[in-house]
Amino acid sequence: MSENHLNLIDLNDYPVSFWNEIIELGHKIRCAPQDYASKLSGKIMATLFYEPSTRTQMSFQTAMLRLGGSIIGFDNPSTSSVAKGESLKDTTKIVSSYADVLVIRHPIAGAAKAAALTADCPVINAGDGGHLHPTQTLTDLLTLREEKGRLDNLTIGLCGDLKNGRTVHSLVKAMSCYKNNKFVFISTESLKLPSYIKDVLAVNGSEYKEVSNLEDAIGELDVLYMTRIQRERFASEQDYQRQKDVYVLDSFKMLKAKRDMIVMHPLPRVDEITNEVDKDPRAMYFKQAQYGMYVRMALILTIITNATHRSKLLFGKEYKVSCPNSKCITNCEHYLPHSFVGVGDNLICEFCDERTLNS
Amino acid sequence: MSENHLNLIDLNDYPVSFWNEIIELGHKIRCAPQDYASKLSGKIMATLFYEPSTRTQMSFQTAMLRLGGSIIGFDNPSTSSVAKGESLKDTTKIVSSYADVLVIRHPIAGAAKAAALTADCPVINAGDGGHLHPTQTLTDLLTLREEKGRLDNLTIGLCGDLKNGRTVHSLVKAMSCYKNNKFVFISTESLKLPSYIKDVLAVNGSEYKEVSNLEDAIGELDVLYMTRIQRERFASEQDYQRQKDVYVLDSFKMLKAKRDMIVMHPLPRVDEITNEVDKDPRAMYFKQAQYGMYVRMALILTIITNATHRSKLLFGKEYKVSCPNSKCITNCEHYLPHSFVGVGDNLICEFCDERTLNS
Amino acid sequence: MSENHLNLIDLNDYPVSFWNEIIELGHKIRCAPQDYASKLSGKIMATLFYEPSTRTQMSFQTAMLRLGGSIIGFDNPSTSSVAKGESLKDTTKIVSSYADVLVIRHPIAGAAKAAALTADCPVINAGDGGHLHPTQTLTDLLTLREEKGRLDNLTIGLCGDLKNGRTVHSLVKAMSCYKNNKFVFISTESLKLPSYIKDVLAVNGSEYKEVSNLEDAIGELDVLYMTRIQRERFASEQDYQRQKDVYVLDSFKMLKAKRDMIVMHPLPRVDEITNEVDKDPRAMYFKQAQYGMYVRMALILTIITNATHRSKLLFGKEYKVSCPNSKCITNCEHYLPHSFVGVGDNLICEFCDERTLNS
C-alpha cells in the first residue's frame, strides 16, 4: 500500500497547527493571488466526482487553474464508462498514474480513504457521503479568520438541522479546538446536536447552550451559521407549519443582531435566508464561497509541493467482523481490509468511523 | 446591484461603432492569432450552459483557450447539482466570484440579463431561449467583412423560416444600420418576416422585397443566408410536399448565382443545403463557424480588459404588473424586479422585450 | 477532400519504422517529461467521444495537457446538441476549424476515417466500434519495449476471449511484424483466434500454438496478455461453470510463471485477474495504463508537428454496391463514397474492412 502521500481525508488526521498553516496560506494567496499564478504550472489535478456536486467541483477546478495547473476528470459517472463495474481501486490506480493530485467525491463513507490506500498520488476528500467534507470546514475557518480577524473568543450560533448536518458537526469540533469559543445551538427539539459532538465540547472545555428560537438568540452572536431544515425532517407537518418561520433569517431578525455579526451558510440555500438579507453587508455566504476557492488553492499547493511526505492511513488492525454501516465503502469494495481501531469494548471502523462492539 | 461591468446581453445596448470595434479586432486576431495567444493568461471563463449547445460552447471555449485563458463550467444541468433548486442568482453570484467572465446559455428569455444584475464579473449572453443570441450576429458581421470586404452596399437574400428565426431577425436589424443594404426575403407566405422587423427597416430607410422562390431571386444576391424550415412549420403536409424543394439550395440553383455571391448558414443544417454545395468555393458556412471563434476572441478580450467599464442594465422602472410572457425569466425567478420601459401606452419588459398594455 | 494531414486511423497505414519512431519518442518522453512540457503550448485538441470511454479520454487529455496544450470536446453525445441530427461531416468540419487535432471515438466502424476525409486538421482514431483502436496497440508496444527491453524474440501468451477481442487481434498482427516472436493462444474451443489472423501469422512466418489451459502454458511465457471472457460468450452456462476458473489469473498460477514474465491487460478488468496479483511486481497492467499516456504524448506531438504531411486516405475506387456491414459508417452517413479495394474476386470496404463479393 502506498501510504506515503500527504492526503487530506479527515481534518482530524492533522494537528491544529496544520489547519492554521493552510488558513494562513489561504490568507496570503487571497492578498496577492498573482504571486501564486504559476506555482503549479505543468501539474494536473483529476476530479473524480462519483456524484455530481457542481459547485464543489468548480471551486476545486478554479483553485487549480488559478495556480497555473490543469484539470481532468468526470462529474457524472452514470454516463461514464467508469461506472461499468470497475472497482474504485482500479480507477483510482489508473487516474493517479496520470495526475498529480486526485480530488474525490463519492456517495459512500470512507471512499476517499479507500482511494488513498492505493493511489500513486495524494488524495483530497471532497465529500464522502454524509461522513466528512474537510474542505468545507477549512472554508469556514478561513472565512472566520478573514471576516472576524480571529478563530478564538467568538460566540457562534448554529441554526437549523443540527442533527444531520455534517458541515455543522465538523465546524463545531474544529472551533472547539480554539480558545474561549462559545456555542449557541438553535434548533427544534428533534433536530438537536448529537450527544457525541457535545462530548467533544465537554472534553475541550467549550461552553455551549441549546435554544429553540433564532430571534431570541441572535443578539449575542458574533457569527450566525445558518443551515437548511428539510421539510421532511420536522417531527410532523403540523410542527413544520408552526415552526418553519422560526428558523428563517430575514431582515427583521437581522435588526436584532450585532452590527459586526456575520452570517454564514455552506450553500446552496433554499429559503432559510430571504433574498433581502443578501444586501446586508453582514451577509457573508457568497464571499464564503470565494474563500473556499482560496483555501482550496492553499490546500492543493501544500499537498502537491509536499507530495512525498510520509503519512500512515490505517493505524488499527484487521478483524474478521464487517462494518455494520451498510453505507461504508468496505461493504461495497470487497478487497478492502476490515480495519478497526479498538476503543474500550468498541471497534471503530477506520473508513467510516462507525462503532461496533468487539464481540 | 452590480451593474458596473461591460456585459454583452443585447447588441442594441451598444452603438454601431462598438460592433465595428469588435469586428475590426476579430479581423486583426484572424490575421495574427499568435499576437493574442497569451493576452488572457491567468484569466478564467465560466460557461454556464443551462441547455446543451455543444457547438456554441466549444466556440467560446476555444476562443478563451486561444487567448491563453482557462475554462470551467457545466453543459448539462439536468445531471448537475445546479439544477437542484438553486436560484439563477445564487449560482451566478458564486461562479462569478471564481471566474473573470461568465458565458450563459439558458432556455428562458432574459436569463442572461438577470444573471448580469448580480454577477461579480461581466456576463456574455450565449443565447436566451428564442430571444437573443448576439454573438451569432457578430459572427455573421465578421464573415461579411472578411468575405465581402464591406458591411454596406450589399444585396442580402435571406431564405427559409423568416418568421421564427431569431438569427435572421438580429442580422436584418443589424445590417439595416449600415448604408445602402438591400434585402430580399425568400419564404412561404406563412413564414414571412414579422412586421415589427419591417418597421425597423422602414425607420432605417432600407429597401427590401419579399419573394417566394429562391431560384428566381438568387441571381441578384451578393449574399445568400440560408436557414432551415422545420417540416411542421409549413402550413400543411400538402404544402410541405409541394414547396420543400423550393427552399433547398443545390448545385443547380448555385449555377444561377453570381460568381462572388457567398452562402451563409448559422448551422446546424439538415437538408436545406445539399452536400454537393459544400465543395463550391462560394459555400462559406464552415468558414463562418471559424469566424465565430475569432469574433468571440475579440469580444472576450474586449470585455475582460474593460471589465470595470460602467454600464447600466435597467433603465425603466418597477411596476406592479407581471410580464405576460410565460417564458420570461421574471416569471421563473421571483426575486427579480418587474422592470418595464414605457413606450406610448405600452410597457416593454426589460428582460424579454415583450410588450404589454400599461393599464 | 482534405487528405493532406498525418492522421492515425489504422496502424497498418504506416510501416513498422513509423511505429518504432512513436515508441522511441514515447520512451524519451517517459525518461524526461519536463523536456516536453511546453512543446504544444497554444495548441488545442478536441476529443469527440460519440460513446463514453472515460479512461481513454482522460489518457488523451492528460497527454495533451502534459505537452502544454489545451482541450475541448464532449463525452456524452446523448445530452449534447451534436446528437441532434447533424452529420459527422458537419460536426467534424466545424470542430476541426477550432482545433489542431481531433481525437474521435465512435461506436460505428470507419467513423474516424470518415471524419478524416473532410477534417481541416489531423484525426486520431480512439476506437471505432469493434474495428480498430490503434493507440491501445501502441500502448502495448511501449509497455513491452520498456518492461522487456525489446519487441522481438518474445514468447507471448494471450488468454481469454481471442475470438472477439479487437485489442488481441491488433497486438498479434503488430507483434508478428517483429522477428522471432512466438505466440501461445489460450482460450476455449469456441473463443479461438479467427483464422484470418492466423493467416497473417503464416504470411509473416510467426510460430504459434493453441492451448486450452492457462496453468499448463504459463511457465514458458515472457509475456501474459490477459483479457476478459464475458459470461455470455461461453458456449453454455455449464461450460461457464466448468471453465471459468481456468482463465482466471491468481497468485497460485503466478507461482508457475517465469520470474521476469510480465502480466498485461488492456483494462478494465472484472475478475479475470484476482486482486492479490496486483501486489506481484510482475503485474504490469496499471503501469501499462501510464505507458498509454506517454505513447499518446508521442503520437500527438508527432502528428501536430507534422500536421501538413501528405497522405492519402482512400486508395480504392467507388462502386455502386453498398458495404454489407450494417455497422459500417457508410451505411449511416450517406454522403460517403462507397470506396472499395479489389482483392481477387472480393471487394474490401475502405472504411470498415468488411469483405464482399464483386459481383
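Residues numbered from 1 in each chain as written. Chains lettered and ligands numbered in written order. Predicted model: local features only at pLDDT ≥ 70, side-chain atom pairs only at ≥ 80, totals over all residues. Heavy atoms only, no water.

Considerations on the packing of aromatic side chains
Inference 1: Scanning the entire structure with this criterion turns up 21 aromatic pairs over all chains.
Inference 2: Ring geometry for C:Y50 and C:F74: centres 5.3 Å apart, planes at 90 degrees, overall edge-to-face. Of this pair, C:Y50 sits in the loop between β1 (44-49) and α2 (54-66) while C:F74 sits in strand β2 (residues 70-74), placing them 24 residues apart in sequence. Judged on exposure class, the residue C:Y50 and its partner C:F74 are both buried.
Inference 3: Counting every residue linked through ring pairs, the aromatic cluster contains A:F183, A:F185 and A:Y208.
Inference 4: One cation-aromatic arrangement involves A:K89 over A:Y335; the distance from NZ or CZ to the ring centre is 5.4 Å.
Inference 5: Above the face of the C:F60 ring, C:R296 is positioned so that its terminal group lies 4.8 Å from the ring centre. (Phe/Tyr/Trp six-rings, centres within 6.5 Å; stacked < 30°, edge-to-face > 60°. Helix = DSSP H or I, 4+ residues; strand = E, 2+ residues; numbered from the N terminus. Buried < 20%, exposed > 50% of the residue type's maximum accessible area, 1.4 Å probe, protein only. Lys NZ or Arg CZ within 6 Å of the ring centre and 35° of its normal.)

As for the interface of chain C and chain B
Inference 1: Every contact between the two is made by 24 residues of chain C and, on the other side, 21 residues of chain B.
Inference 2: Buried surface at the junction of chain C and chain B, both sides included, amounts to about 1,900 Å², of which 56% is carbon and sulfur.
Inference 3: In this assembly, chain C and chain B are joined by four salt bridges.
Inference 4: Linking chain C with chain B are seven residue pairs in polar contact (both at pLDDT 80 or more), by the criterion used here.
Inference 5: Every element with two or more residues in the side of chain C that touches chain B is listed here: β2 and α3 (88-98) of chain C.
Inference 6: Here the residues of the side of chain C that touches chain B sort into 10 nonpolar, eight polar and six charged. (Contact = heavy atoms within 4.5 Å. Buried area = accessible area lost by both parts, 1.4 Å probe. Salt bridge = Lys/Arg side-chain N within 4 Å of Asp/Glu carboxyl O. Polar contact = N/O pair within 3.5 Å; in protein donor to acceptor, adjacent residues only side chain to side chain. Nonpolar A, V, L, I, M, F, W, Y, C, P; charged D, E, K, R; others polar.)

Some remarks on the pairing of strand β6 (residues 182-186) of chain B
Where a strand is regular, its side chains alternate between the two sheet faces.
Residues and elements named next belong to chain B.
Inference 1: Most of β6 is tucked away, with four of its five residues classed as buried.
Inference 2: Here five bridges tie strand β5 (residues 155-159) to β6, and the two strands are oriented parallel to one another. The residue bridging T155 from the neighbouring strand is K182, located in β6.
Inference 3: Between the parallel elements β5 and β6, the chain passes through helix α6 (residues 166-175) in a crossover that is right-handed.
Inference 4: Running through helix α7 (residues 195-204), the crossover from β6 to the neighbouring parallel element strand β7 (residues 207-211) is right-handed. (Pairing = 2+ DSSP bridges. Right-handed = clockwise from strand over helix to strand, strands pointing away.)

Looking at the interface of chain C and chain A
Inference 1: Taken together, the 21 residues of chain C in the interface contact 24 residues of chain A.
Inference 2: Carbon and sulfur atoms make up 57% of the area that chain C and chain A hide from each other, which totals about 1,900 Å².
Inference 3: On the chain C side of the interface with chain A, the three residues burying the most area are C:M58, C:R66 and C:F286, jointly 29% of the side's total.
Inference 4: For the pair chain C and chain A, the number of links is four salt bridges.
Inference 5: The salt bridge involving A:E86 is made with C:R55; its shortest N-O contact spans 2.4 Å.
Inference 6: If you look at where chain C meets chain A, you find seven residue pairs in polar contact (both at pLDDT 80 or more).
Inference 7: Within the residue set of the side of chain C that touches chain A, elements represented by two or more residues are α2 and α11 (285-305) of chain C.
Inference 8: Residue contributions to the side of chain C that touches chain A peak at eight residues, all from α2(C).
Inference 9: Of the residues that constitute the side of chain C that touches chain A, the class distribution is nine nonpolar, eight polar and four charged.

Comments concerning the domain arrangement of chain A
All names here are of chain A.
Inference 1: In terms of domain boundaries, chain A breaks down into domain 1 (2-133 + 290-305), domain 2 (150-288) and domain 3 (317-357).
Inference 2: The straight-line distance from the C-alpha centre of domain 1 to that of domain 3 is 25 Å.
Inference 3: Facing the 13 residues of domain 1 at the interface are 13 residues of domain 3.
Inference 4: Interface of domain 1 and domain 3: buried area, both sides summed, is about 980 Å²; carbon and sulfur atoms make up 65% of it.
Inference 5: There are zero salt bridges connecting domain 1 and domain 3.
Inference 6: The tally of links between domain 1 and domain 3 comes to seven residue pairs in polar contact (both at pLDDT 80 or more).
Inference 7: Going through the elements one at a time, α3 (88-98) and α4 (111-118) are the ones with two or more residues in the side of domain 1 that touches domain 3.
Inference 8: For the side of domain 1 that touches domain 3, the element with the most residues is α4, which contributes four residues.
Inference 9: Of the residues assigned to the side of domain 1 that touches domain 3, the class counts are six nonpolar, four polar and three charged. (Domains from an automatic or database assignment.)

Looking at α7(B)
Residues and elements named next belong to chain B.
Inference 1: Of all the residues in α7, the buried ones are I197, K198 and L201. End-on, the buried residues of α7 take up no more than an arc of 100 degrees, which puts them together on one face. For α7, exposure combined with an orientation more than 90 degrees from the buried face picks out S195, A202 and V203.
Inference 2: Where the residues of α7 are buried, they touch α6, β6 and β7.
Inference 3: Backbone geometry just after α7 places G205 at a positive phi near 70 degrees. (Arc of directions from axis to C-beta.)

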